[in-house]
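Close look at the chain arrangement
Chain by chain, the residues run as shown.
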Amino acid sequence: MVLTQDEYLYRVWSVDAGLPQISVTSIVQDAEGFLWLGTQNGLARFDGVQFEVFNTANTAAMSSNMVSALHLDNQRQLWIGTANGLIMYHKNQFRRLDAAKPRQGQITGFAELSDGRIFVGGNRLYQWTQQELQVVEAHQGPVFQLFQHNDRVYIGGQGGFAELTQNGYLWQSAPKDLAGLQILEIAFVDGQLYLGTNIGLYRWHNSVWQPVTLPQHVGDSRIESLYLDQQQHLWISTYGSTYRIQRGVIERADFVKGEHNDFVWVESMLQDKHKNIWFGSRSHGLKRLRKAATQRFSLQQGLQDSYVWALAPWQQNLLVGTRNGLALLQHGVFQPLMANQYLPSPFVYSLLVEDDKVWVGSRAGLSMLDTETLSWRRNYDQIAHVLVTTLARENDKLWVGTNGGLYYLLHDEIVQHGLPEALLTARVRMVLPDSENRLWVGTENGLYLRDENGFHSVDDVPLTGTFISAIKQFDDGNLLIGSFDQGFMFGKPGQWQWFRQQDGLPGNGVIHVEQVDNQLVISNFQGFYRLNYEALKQNKIEELYMLVDDRRPEAKTDSHRCCNGAGSSKGVQHQGRLWYPTLDGVVSLPLQQLIHFSDIPEPVIKKVTAGSQSYRGDNITLPPEQRDLQVSFTAPYYVQASSVQMRYRLEGYDEAWIDASNRREAFYTNLPSGQYRFLLQVRVAGDFRWSDTAEMALKLTPFWHEKIWARGLFLILFSLVLWGLYRWRLMALAASQKQLAKLVAERTEELHLANEKLQQISMQDALTGLHNRHYLDCNIQQILSRANRHSEPLIWAVLDLDHFKQVNDNFGHQTGDNILMLVADILRQNSRGSDHIIRWGGEEFLLILEHTDDGLLALQRIHQALGEYPWQRKIALDKPLTCSIGAIAQLSDWDWQHSLRLADQALYWVKGHGRNGYMLLQTSDPIDTAVLAEDANVIQLLAAGKLSGISNKEVTAVSC
């Protein structure tokens, strides 16, 4: 198959994304990977997510917001030309270079020779010498463009161009018939000089001006930009079109305009270090094009309908089923089949190619084609009322799975003889005969198996009752059974392992599975990914790598989106590629891409902010008073940049890596003085590889009283004080023996009071002032005795704050502590003197309510009080704080630990049903304590009728 095409994926940024202005006049990329963009409203530094803007309002050195030219020199210094000034950016500092002798007029370009000489174009030609701009007298008149090639500077001027070398200056005049010509752009490729002018494109060859005709060019002939990429392709832009010269051939590059033909007036270009092509438009912002590892074949290749549902290899080509019939992909072009006119429905959902037949499953039943000619042979009207979702051959039977039951074709007759009743009408999605003479049937409501005992439902596996969307057996006998939204099982009957998103998968869906060497490739609605097959056999997910990731918003234009369907024919390995059906044609991936990886983002630590001061560099020292700091970091990355994940660690303080997800700041408060190292790593979501570590040394200077000499002095003074006290004590004892007994009595009384206070403190939580667990241990028997004496039930309630970890992660532990103290106050205000409020641990509280006539009302009051507190105004939370409560009314003959365990299970029932609620368990009849001792859980007791539950979660009476 000849499958070459010039397709680019893209993304566009404009002012709504943070670009300071829609006109992007120039683009460069620095050593750290940042893009610098010159616009007519300031300079922007871009990392793929955020535009950091520098303009006259926030940068004193900026002479104008109209940035006209950028240049990154060999010393990694950024030269910035504006409408009326020259600026340099180096080591995080901007500096006005022509402040002493301001030059009026726009900076038009830069050129740098190997000896370090910098030339600057403007109303004249200048050279940067001895820290100032000096006029190059050899050139008269304005400079519209500068271009450097080897050790030669080309100067675009009025009526011609000049060449400047170490041997001197040479002017090349334009022909007399080109009156008013201005050289605006210059490029050198294949030994020829290209000149972009205000009246068209010219080639300078053998001292002859040769006009270059742009194909299908209409309108203004002004050349806006020339750019030579790393593949030696010359890009040319005019107001309305972009062109490209490849191997001497000029072709229109209309893909730059995009599907709406609206990205025009390109005046700046760049190919970055990852070979992405960038275009800056005067009127439409910034656009990035990239070539993906995948290729799409759709309407542009002749496919009549973009919705593809089935694939099957046919000879050297690919047979494709769409909503509009069958098509054959040959040499990169689709050809519709004549057989389409005879199909019972043009909607083709499944395919099976055999030696002498091609089976076509459609929305109106089954058809058969001839394998040699793909001509139609017959339809099977018996199942014309159903959608055929899957086809599988087992000896002389052709199994036909439909959305209206399981069938098989035997002796050219479609029947259901001998099938269990459950499969006669089941919505079947997959049928697989395996190497053990078993038949696996996946339905939308579970898995069925035919073995030596006949057909039966498989009910002892994790995917019982789920939508089975894929079944695959591998050469070693292992099976993978995938579901629509519950992950997949891997292994053999009786030895299944269940893998889901919480185990490391990028999603819970499985559409198609393919083994390629030691890798497993799995497709789903979010794309497709690979993982290590040998590790999977060891019950581990390793080396997982997203080949196509459609989980990001920008994937609409920046990904070959995958995949489609649930049944057989939803993927195939053919002609050295993997093929997948999508809602926009067919996507293919060359198998050699399975050993390749995309570039890993490079982490950058931008700055440390402490107080109102910012610090930059690899080694930072902070003054003693700066103990609260913020570290800002990023990773310049331009392909689905929102998928970049970050983790950091402050070595010397953090014991492990902190997962920041896509957050790009780290906050630390009350750090002790000392030496630290801030470490940063990044990766792309769906890629197991972390980047190299970026490091920054950080020193927090101690206060004078924290230094060693000060602490030594304090120790000496303290020792002297102790010695003085000791001597005073001896003198006091010697002076008054009569007071000894009195003093001993006073000390004994003080010791008694201190012990009582210590006993009280030992039962009190230090943060909230509530009781702690020790309080319960000391008082539980008295509480139970009172309850038995009054024959009143105790209400045991366990309260947990919802999503409290996110509050700590987002706002810091100090805010979390403040919230816990406020929650303690709310609990006190809404409780009685006879209630026991205990901080049980972290954000969890235990309430024991005595003498309670209405425990449900007490729970509702506490739940309402916490929910109605103005958290967003008082604490500046981004959403209200809620809680979940599990409670039980304990009978007098229960072990109180059973009550505590059941209340805790009720709490997790509430959490499992959406949080922000309560559940009160009650019983009117005694429960056998033996049942409780066997650790029966709440669900079992509810199902057995031993308990009843009251909750605010959708239903008022909870049972199984």
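Residues numbered from 1 in each chain as written. Predicted model: local features only at pLDDT ≥ 70, side-chain atom pairs only at ≥ 80, totals over all residues. Heavy atoms only, no water.

**Structural notes on the sheet that holds strand 42 (residues 428-433)**
The strand order 42-43-44-45 describes an open sheet built from 4 strands, whose pairing is antiparallel. Where the open sheet ends on each side, the last strands, each with one partner, are strand 42 and strand 45 (454-457). For this sheet, the mean inter-axis angle between neighbouring strands, taken without regard to orientation, is 15°. (Pairing = 2+ DSSP bridges. Helix = DSSP H or I, 4+ residues; strand = E, 2+ residues; numbered from the N terminus. Axes fitted to C-alpha atoms, helices over the stretch in contact; angles between N-to-C directions.)

**Focus: the environment of F110**
Along the polypeptide, F110 turns up in strand 10 (residues 109-112). For the pair formed by F110 and V120, sequence separation is 10 residues and the distance between their alpha carbons is 4.8 Å. When neighbours within four sequence positions are excluded, F110 is seen to be in contact with A69, L70, H71, W79, I80, G81, L86, F119, V120 and L146. (Contact = heavy atoms within 4.5 Å.)

**Examining the state of the cysteines**
By the definition in use, this model includes 1 disulfide. Between the sulfur atoms of C562 and its disulfide mate C563 the distance is 1.3 Å. Disulfide C562-C563: torsion about the S-S bond near 45°, hence right-handed. Judged by relative accessible area, which is 7%, C563 ranks as buried. (Disulfide = S-S within 2.5 Å. Buried < 20%, exposed > 50% of the residue type's maximum accessible area, 1.4 Å probe, protein only.)

**Section: helix 9 (residues 855-868)**
A rise of 1.5 Å per residue sets the reference length of helix 9, with its 14 residues, at 20 Å; its end C-alpha atoms lie 20 Å apart and thus fit the reference within 8%. Along helix 9, the positions that sit buried rather than exposed are G855, L856, A858, L859, I862, H863, A865 and L866. For helix 9, the N-terminal capping position is held by D854, with its side-chain oxygen 3.3 Å away from the main-chain nitrogen of L856. (Expected span 1.5 Å × (residues − 1). Polar contact = N/O pair within 3.5 Å; in protein donor to acceptor, adjacent residues only side chain to side chain.)

**Brief notes about a nonpolar patch on the surface**
On the surface, W704, W709, L713, F714, I716, L717 and L720 cluster together into a nonpolar patch covering about 790 Å² of accessible area. In this fold, W704 is placed in the loop between strand 65 (694-700) and helix 4 (708-735). Since its relative accessible area comes to 52%, W704 is described here as exposed. (Patch = residues over 30% accessible without salt bridge, like charges linked within 9 Å, V, L, I, M, F, W, Y side chains within 5 Å. Areas by Shrake-Rupley, 256 points an atom, 1.4 Å probe, with all protein chains shown as cover. Salt bridge = Lys/Arg side-chain N within 4 Å of Asp/Glu carboxyl O.)

**Overview of the sheet that holds strand 59 (residues 619-622)**
Strand-to-strand pairing in sheets goes through backbone hydrogen bonds, with the strands running parallel or antiparallel. In space, the 5 strands of this open sheet follow the order 59-65-64-61-62, with mixed pairing throughout. Each edge of the sheet is formed by a strand with only one pairing partner; in this case those strands are strand 59 and strand 62 (658-661). With direction set aside, neighbouring strand axes in the sheet form an average angle of 25°. As defined by bridge partners, strand 61 (residues 644-651) adjoins strand 62 across 3 bridges and the pair is classed as antiparallel. Following the sheet pairing, Y648 is matched in strand 62 by I658.

**A look at the confidence of the model for the chain**
Low-confidence regions, as indicated by low pLDDT, have predicted coordinates that should not be scrutinised in detail. On average, residues of the chain score 91 in pLDDT, and 96% of them reach the 70 mark or higher. Below a pLDDT of 50 lies the segment residues 955-960, which in the model reaches 13 contacts outside its immediate sequence neighbourhood of four places, other chains included. (pLDDT = per-residue confidence, 0-100.)

**Some words on the pairing of strand 11 (residues 118-121)**
Residues I118 and V120 line one face of strand 11 and the alternating positions F119 and G121 line the opposite face, and both faces are buried. What sits between strand 10 and strand 11 in their antiparallel hairpin is a turn of 5 residues, with G116 showing a positive phi close to 95°. By the bridge criterion, 3 bridges tie strand 11 to strand 12 (residues 125-129) in an arrangement that is antiparallel. What sits directly across from V120, in strand 12, is Y126. Taken together, strand 11 and the strand that follows it, strand 12, pair antiparallel across an intervening segment of 3 residues.

**Focus on the packing of aromatic side chains**
Counted under the stated rule, the structure contains 49 aromatic pairs. Relative to W496, the ring of W440 lies with its centre 6.1 Å away and its plane at 85°, an arrangement referred to as edge-to-face. Taken together, the positions of W440 in strand 43 (residues 439-443) and W496 in the loop between strand 48 (488-491) and strand 49 (497-499) put the pair 56 residues apart, joining distant regions of the chain. For the pair W440 and W496, one class covers both residues: buried. An aromatic cluster is defined as three or more aromatic residues linked by ring pairs; in this entry it consists of F147, Y154, F161, Y202, W204 and W209. Of note, K397 hangs over the ring of Y408, and the distance from its end group to the ring centre comes to 4.5 Å. (Phe/Tyr/Trp six-rings, centres within 6.5 Å; stacked < 30°, edge-to-face > 60°. Lys NZ or Arg CZ within 6 Å of the ring centre and 35° of its normal.)

**Topic: the side chain of T197**
Within the secondary structure layout, T197 lies in strand 19 (residues 192-197). For T197, the side chain forms a polar contact with the main-chain nitrogen of I199, separated by 3.0 Å. With sequence-adjacent residues up to four places away left out, T197 is seen in contact with L181, Q182, I183, L184, Y202, S221, R222 and I223.

**Here's the deal with helix 11 (residues 896-912)**
With 17 residues, helix 11 extends 25 Å between its outermost C-alpha atoms, agreeing within 8% with the 24 Å of an ideal straight helix rising 1.5 Å per residue. Of all 17 residues making up helix 11, 12 are buried, and the element is well covered by its neighbours. Within the span of helix 11, buried status applies to W896, H898, S899, L900, R901, L902, A903, A906, L907, W909, V910 and K911. Looking one or two residues beyond helix 11, the residue adopting positive phi is G914, at roughly 105°.

**With respect to unusual backbone geometry**
Omega for the bond connecting C562 with C563 falls within 30 degrees of zero, at -10°, which places this linkage in the cis form. Checked against the element boundaries, C563 lands in the loop between helix 3 (555-558) and strand 54 (572-574). Even without glycine at this site, Q131 takes up a positive phi of about 60°. Mapped onto the secondary structure, Q131 falls in the loop between strand 12 and strand 13 (132-135). Of note in the backbone geometry, H411 takes a positive phi value of approximately 55° without being a glycine.

**Let's talk about the pattern of salt bridges**
Between side chains of opposite charge, pairing is possible as soon as their charged atoms come close. Taken as a whole and judged by the stated rule, the model has 40 salt bridges. Salt-bridge contacts for K540 lead to E542; the nearest nitrogen and oxygen are separated by 3.6 Å. One connected set of salt bridges, linked through shared partners, spans R45, E52 and K606.

**Focus on the pairing of strand 25 (residues 249-252)**
The side chains of a regular strand alternate between the sheet's two faces. As judged from the 4 bridges shared by strand 24 (residues 242-246) and strand 25, these two strands associate in the antiparallel manner. When the bridges of strand 25 are listed, Y243 appears paired with R252. Linkage of strand 24 to strand 25, two consecutive antiparallel strands, is achieved through a turn of 2 residues, within which R247 is found at a positive phi near 50°.

**Focus: the side chain of S483**
Tracing the sequence through the fold places S483 in strand 47 (residues 479-483). The class of S483 is buried, set by a relative accessible area of 0%. Among the polar contacts listed, one links the side chain of S483 to the backbone oxygen of G487, at a separation of 2.8 Å.

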